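Letter by letter, the chains look like this.
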Amino acid sequence: MDDIETAKAILVIGSNTTECHPIIGLRIKKAVMQNDCKLIVAEPKHIRLCYYADKWLQLKPGTDVALINGMMNVMVEEGLADDPFINDRCECDRYDELKAMLKDYTPEKVSEITGVPADDIREAARTFANADNAAIIYAMGITQHTTGTDNVMTLANLAMMTGNIGKPGTGVNPLRGQNNVQGACDVGALPNVLTGYKPVTDPETREKFEKAWGVKLPEEPGLTATEMMSAAAEGKIKAMYIVGENPMLSDANLHHAEKALKNLDFLVVEDIFLTETAQLADVVLPAASFAEKEGTFSATDRRVQRVRKALDAPGEARPDNEIVADLAKRMGYEMANVEPAAVMDEIASLTPQYGGISHARLDALPDGERLHWPCPDADHPGTPILHTEVFTRGKGWFAPAEWQAPAEQPDKEYPLTLTTGRVLWQYHTGTMTRKSDGINEIDPHGHVWISPDDAEKYGVENGKKAVVTTRRGDIDIEAMVTERVPNGVIFIPFHYVESAANILTNDVVDPVSKVPEFKVSAAKVKAK
Amino acid sequence: MEQIKVEIDGLACEAPKGSTILDIARANGIDIPTLCYDPRLSPYGACRLCLVEVEGARALLPACCAKADDGMVIQTTNEKLERIRKTLVELLVSDHPMECQGCSKSGRCELQRLADKYGITESSFTGEVHEYDLHRENPFVMRDYNKCIMCGRCIRICREVQGVGVYDFVNRGFKAVPGTPYDRPMQETPCEFCGQCISTCPTGAIKARPYEDFGRVAALDMLRNACAYFKMPEEDMMKALGLESWVTRTTCAYCGCGCQLDIHVIDNKIVEITSPVMVGSGQGNLCVKGRFGYDFVSSSERLTRPLIKKKGKFEEAEWDEALSLVAKKLGDTKKKSGPDSIGVLSSARATNEDNYLIQKFARAVIGTNNVDHCARL
Ligand code: SF4
Ligand code: SF4
Ligand code: SF4
Ligand code: FES
């Protein structure tokens, strides 16, 4: 991410970067203000980054694939693709297939789907393709759709087509929602893979871990978080152990999550607060916060950094590692040394990408230096930029993806499109930020954003309560009449318990990644 | 990159072409006093404290702006330079209320350090002193223009780094201060409360209000006063008192930017959060959550004892009882309905080590791959 500043063009899509990833937002602003970088923002609502943008493509929610395909269509038509890069580094027949598909995505047709003027699509395509190096930055606005996987592949197509991979100031850069999503995935907190993304179905991988752990390991991939909720509702999952999560606010379709958790025979929650989820538990275990323990986080750019103990946990709260080890022991399994430094050594011994990472090495790094995985051994300097020479799979693989309409379309009864997201002041389900007096003073409660025209049409007044309804439920929430959302679209941040947006959202998931479609649901609104 | 050679105070130094004299001096451990300089900002050249003498040059050059040329011979200190610096500091002190005891910047204040260095207590110039009201209309940033030395760092960082531009110099002459448009409260400007202006202000003119107004700790006040009284910077004072550093370097737990935080803790309470300049993703810059969002750690609502629900109500329990119960319930479920009837959710906010142990627990202890975290949510 450090090299973002050197980009000559940046496409930000589905990411309200200045509010959700403020420091990366600073780097983008710096590129624009001091490095003459052209910024293209593709986003339905007006975000702060639009002030810095050369072009704001105000697309309708859920039309990202169409927009990017449209930009690529222009590049092919006008001969702007990076043919040498494609011939050298990518599978050419795949490229031909992509080109064939793109024929249908003329700027005019795409304009109809997305609501973005055709000429703006053309200009954005030219700006992006003509820049020496151009980067794509995306976040959950891209992944939280039923077509999330297609969205990401389409962005990869765009980057490869323009040769913007594997050098400074380029690439497809995902910004993850929470601080350690990257790390949680790296170390195998996923149902289908062990550490380092090794599939649980692979016998060799299992054998390696079985030897290290001294047990037989299950062979079939497990359930994702969303699937676990459904399985719990159906009575197939009977007990759950939830550590530091608050699915009661973060899950799409909250009523469903509540029903699922209540249906469990036994629920144990380990957290720092009595969250909405913990309130449903049979046993609640008090945990230490990040400031009260040792460890590491892996940032969104794969940089591994130390977490250090600054103070003691309150009362009898204990760090997660101790709790888990204690529990394992009581269930008849002895976890060797669970001191965080020793655990990192164990991770390193089982995970080639982390092979050269240890607490001692991280502690010895001089100020300002950093270590990114892959880092296979103690002498390896780490890898700040991936794919410089070859792609992980050999040649670059274009994966053409057609645009598909979001699962839920507005109709007569629910004429508006509801999207959800974050605001600068708050974080995720608010368990932490909403305990800050200062933040609460500046941002005391949530709003539904609605355009002046729609407000008038549905009789909603600025600062007054409104009722927002979808097929899943309704909430009361104060209205904010603003031109920052276009007509036909309303926006609700999801941080607030008393007006939880996720009561409204759709839990239909992307067939591959299983991410629920938070970003788009059909809704209606009226004054309360 | 092309290298150049220069001599600074008799020391031969090498540096990439385009470096300023200040860059090279600091890289070689030579200290040149500065006030309007911050490595995060483009050079400004207003305070003149960094003037140095370059052999053959007609005038003294500000080291923070002047690019070094190959073969330059530079003096950063001599009687003349020190005399100029002393006069400059005296002028600044002349309209500055030197009430360092009681100021929460004491021990870290750049002006205080310079005043001490040049032995200035009260200025020989008896200037007119300002009497501005304190601005504490918002919960995060408080401003005390009586202590402003007009270095412009707050204005520049807000503009250059944050890209917002809340402040500009308002009024003229003696009454000039870096104010908000029409003196509006900051929450009525586009301010994002990132606190970058707090982090750069060299004096006590801009401070973090949560710690200043609500987080005052007697031990910290004593330290600040001692620094003022004995004219010692904070680090030296701590050493002299044989105290360990109360600052812990860690990584922000809010978003994936991974900013580096320095958490200042006294009496097991977070008293302030800063970020090391030019280190990590943020280079010393943070956002409102990283800088101000950590009250939760010491919240009275934190869970402090295990809870067991009995007849629909939580009751406090001993760890032993709670864990035995969990082990038994999970064990029974596993026996009765198989390991895949249990689900484990870890957290995208937990450390790598904890996540690793939790998935190991699911797989090796329970025997299921039903383990996930909320990356998808
Ligand atoms: S807090 Fe940030 S945005 Fe507000 S004035 Fe200071 S630097 Fe500018
Ligand atoms: S408020 Fe601080 S940073 Fe701003 S001009 Fe005054 S002394 Fe400099
Ligand atoms: S300080 Fe703000 S931008 Fe930096 S990691 Fe924390 S939440 Fe993210
Ligand atoms: S630091 Fe060089 S002029 Fe102020």
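Structure first, text after, so check above.
Residues numbered from 1 in each chain as written. Chains lettered and ligands numbered in written order. Predicted model: local features only at pLDDT ≥ 70, side-chain atom pairs only at ≥ 80, totals over all residues. Heavy atoms only, no water.

Draft legend 1. Here's a closer look at the overall build of chain B. A tally of regular secondary structure across chain B gives eleven helices and 16 strands. Here the C-alpha radius of gyration of chain B, 27 Å, is well above what a compact globule of 377 residues would show, namely 21 Å. Each principal axis of the C-alpha distribution contributes one length, and for chain B these read about 90 × 50 × 45 Å. In chain B, the proportion of contacts linking residues at least 24 apart, taken out of those at least 6 apart, comes to 57%. Taken as a whole, chain B presents about 15900 Å² of accessible surface, with 51% of it coming from carbon and sulfur. (Helix = DSSP H or I, 4+ residues; strand = E, 2+ residues; numbered from the N terminus. Rg over C-alpha atoms; globule rule 2.2 N^0.38 Å. Contact = heavy atoms within 4.5 Å. Areas by Shrake-Rupley, 256 points an atom, 1.4 Å probe, with all protein chains shown as cover.)

Draft legend 2. Focus on the pairing of strand S5 (residues 171-174) of chain A. Residue and element names in this part refer to chain A. The two faces of S5 differ: Gly-171 and Asn-173 on one face are buried, but Val-172 and Pro-174 on the other face are not. Both strand S4 (residues 134-138) and S5 contribute to a ladder of four bridges, which runs parallel. By the bridge assignment, Tyr-138 is partnered in S5 with Pro-174. (Buried < 20%, exposed > 50% of the residue type's maximum accessible area, 1.4 Å probe, protein only. Pairing = 2+ DSSP bridges.)

Draft legend 3. Looking closely at the interface of chain A and chain B. Opposite the 148 residues of chain A that make contact, chain B presents 111 residues. Regarding the contact of chain A and chain B, the summed buried area is about 10900 Å², with carbon and sulfur atoms giving 63% of it. Of all residues in chain A, the largest losses of buried area upon contact with chain B belong to Ile-23, Phe-290 and Met-331 of chain A, amounting jointly to 6% of the total for that side. Taken together, the connections running from chain A to chain B amount to seven salt bridges. One salt bridge in this structure joins Lys-293 of chain A and Asp-354 of chain B, with 2.9 Å as the shortest N-O distance. Of the residues in the side of chain A that touches chain B, the class split is 82 nonpolar, 33 polar and 33 charged. (Buried area = accessible area lost by both parts, 1.4 Å probe. Salt bridge = Lys/Arg side-chain N within 4 Å of Asp/Glu carboxyl O. Nonpolar A, V, L, I, M, F, W, Y, C, P; charged D, E, K, R; others polar.)

Draft legend 4. Looking closely at the sheet that holds strand S3 (residues 51-54) of chain B. All names here are of chain B. Strands sit in the order S2-S1-S5-S3-S4 across an open sheet of five strands; the sheet is mixed. The open sheet has two free edges, formed respectively by strand S2 (11-16) and strand S4 (61-62), since each of these has just one partner strand. By the bridge criterion, two bridges tie S3 to S4 in an arrangement that is antiparallel. Bridge pairing in S4 links Val-52 to Leu-61.

Draft legend 5. Here's a closer look at unusual backbone geometry. Here the amide bond leading from Trp-373 of chain A into Pro-374 of chain A is cis, since omega sits at 0°, within 30 degrees of zero. Inspection of the secondary structure puts Pro-374 of chain A in the loop between helix H17 (359-364) and strand S11 (416-421). The phi dihedral of Asp-36 of chain A falls on the positive side, at around 60°, and the residue is not glycine. Along the chain, Asp-36 of chain A falls in the loop between helix H2 (22-35) and strand S2 (38-42). Positive phi is not limited to glycine here, since Asp-267 of chain B has a value of about 50°. With respect to the helices and strands, Asp-267 of chain B occurs in the loop between strand S11 (260-266) and strand S12 (269-274). A relative accessible area of 64% places Asp-267 of chain B in the exposed class.

Draft legend 6. Seen up close, the environment of Cys-37 of chain A. Secondary-structure assignment places Cys-37 of chain A in the loop between H2 and S2. Setting aside residues no more than four positions away along its own chain, Cys-37 of chain A makes contact with Ala-7, Lys-8, Ala-9, Ile-10, Ala-31, Val-32 and Asp-54 of chain A.

Draft legend 7. Structural view of the sheet that holds strand S10 (residues 247-251) of chain B. Residues and elements named next belong to chain B. If you trace the three strands from one edge of the open sheet to the other, you get S10-S11-S12, paired in antiparallel fashion. One side of each edge strand has no neighbouring strand; the edge strands of this open sheet are S10 and S12. Sheet twist, expressed as the average angle between the axes of neighbouring strands with direction ignored, equals 35°. The sheet contact formed by S11 and S12 spans five bridges and is antiparallel. Counterpart to Asp-262 in the pairing with S12 is Thr-274. (Axes fitted to C-alpha atoms, helices over the stretch in contact; angles between N-to-C directions.)

Draft legend 8. Local environment of the site of ligand 2. Residues in contact with ligand 2 amount to 13 residues; listed here are only the nearest, Cys-148, Cys-151, Gly-152, Cys-154 and Cys-201 of chain B. A breakdown of the residues in the shell around ligand 2 according to their chemical character gives ten nonpolar, two polar and one charged. (Near = heavy atom within 4 Å.)

Draft legend 9. The packing of aromatic side chains, seen in detail. Tallying each qualifying case throughout the model produces 15 aromatic pairs over all chains. Look at Tyr-95 of chain A and Phe-398 of chain A: their rings are 5.1 Å apart centre to centre, the planes differ by 40°, and that puts the pair in the tilted class. Taken together, the positions of Tyr-95 of chain A in helix H5 (residues 92-102) and Phe-398 of chain A in the loop between H17 and S11 put the pair 303 residues apart, joining distant regions of the chain. Assessed through its relative accessible area of 0%, Phe-398 of chain A is described here as buried. Seen from their ring centres, Phe-140 of chain B and Phe-193 of chain B are 5.3 Å apart, and the 50° between their planes marks the pair as tilted. Separated by 53 residues along the polypeptide, Phe-140 of chain B in the loop between helix H3 (110-117) and strand S6 (141-143) and Phe-193 of chain B in the loop between strand S8 (177-179) and helix H5 (196-200) bring together distant segments of the chain. Residue class for Phe-193 of chain B comes out buried when judged on its relative accessible area of 1%. Feature note: the residues Phe-273 and Phe-290 of chain A together with Tyr-254, Tyr-294 and Phe-296 of chain B constitute an aromatic cluster, connected by ring pairs. The aromatic ring of Phe-491 of chain A is capped on one face by Lys-45 of chain A, whose charged end is 4.2 Å from the ring centroid. Between Lys-524 of chain A and the ring centre of Tyr-414 of chain A, over which it is positioned, the NZ or CZ distance is 5.2 Å. (Phe/Tyr/Trp six-rings, centres within 6.5 Å; stacked < 30°, edge-to-face > 60°. Lys NZ or Arg CZ within 6 Å of the ring centre and 35° of its normal.)

Draft legend 10. A look at the site of ligand 3. In the vicinity of ligand 3, the contacting residues are Pro-22 and Ile-23 of chain A together with Cys-252, Tyr-254, Cys-255, Cys-257, Gly-258, Cys-259, Leu-286, Cys-287 and Gly-290 of chain B. A class-by-class count of the residues in the shell around ligand 3 yields nine nonpolar, two polar and no charged.

Draft legend 11. Spatial organisation of the packing of helix H3 (residues 64-77) of chain A against helix H7 (residues 118-130) of chain A. Residue and element names in this part refer to chain A. Where H3 meets H7, the closest approach of the two axes is 8 Å, and the angle between their N-to-C directions is 70°. Classed by the angle they form, the pair H3 and H7 counts as roughly perpendicular. Two packed elements cross with a definite hand, and for H3 against H7 that hand is right-handed. Of H7, the residues touching H3 (which contributes Leu-67, Gly-70, Met-71, Val-74 and Met-75) are Ile-121, Arg-122, Ala-124, Ala-125, Phe-128 and Ala-129. Here the contact of H3 with H7 is built from residues that sort into nine nonpolar, one polar and one charged. (Parallel < 35°, antiparallel > 145°, perpendicular 65-115°, else oblique. Left-handed = near helix turned anticlockwise from the far one by under 90°.)

Draft legend 12. Quick look at the nonpolar core. Ranked by internal contacts, the top residues of the largest apolar core, which has 70 residues, are Ile-10 of chain A together with Tyr-167 and Tyr-294 of chain B. The greatest single-element share of this core, amounting to six residues, is contributed by H2 of chain A. For Tyr-294 of chain B, the residues in contact, after removing those within four places along its chain, are Phe-290 of chain A together with Cys-252, Ala-253, Tyr-254, Leu-261, Ile-270, Ile-273 and Lys-289 of chain B. Counting 51 residues, the second largest nonpolar core, distinct from the first, contains Phe-266, Leu-327 and Met-335 of chain A together with Phe-361 of chain B. (Core = buried A, V, L, I, M, F, W, Y, C linked by side-chain atoms within 4.5 Å.)

Draft legend 13. Here's a closer look at helix H4 (residues 153-161) of chain B. Of all nine residues making up H4 of chain B, eight are buried, and the element is well covered by its neighbours. On its buried side, H4 of chain B packs onto H2 of chain A together with H3, strand S7 (168-170), S8, H5 and strand S9 (206-208) of chain B. Two residues or fewer past H4 of chain B, Gly-163 of chain B is found with a positive phi of approximately 70°.

Draft legend 14. Highlighting the packing of helix H15 (residues 320-330) of chain A against helix H10 (residues 319-337) of chain B. Where H15 of chain A contacts H10 of chain B, the axes come no closer than 9 Å and their chain directions differ by 60°. By the angle between their directions, the pair H15 of chain A and H10 of chain B is classed as oblique. In terms of crossing hand, the pair formed by H15 of chain A and H10 of chain B is right-handed. Contacts between H15 of chain A and H10 of chain B involve Ile-323, Asp-326, Leu-327 and Arg-330 of chain A from the first element and Trp-319, Asp-320, Leu-323, Ser-324, Val-326 and Ala-327 of chain B from the second. When its residues are assigned to classes, the contact of H15 of chain A with H10 of chain B shows six nonpolar, one polar and three charged.

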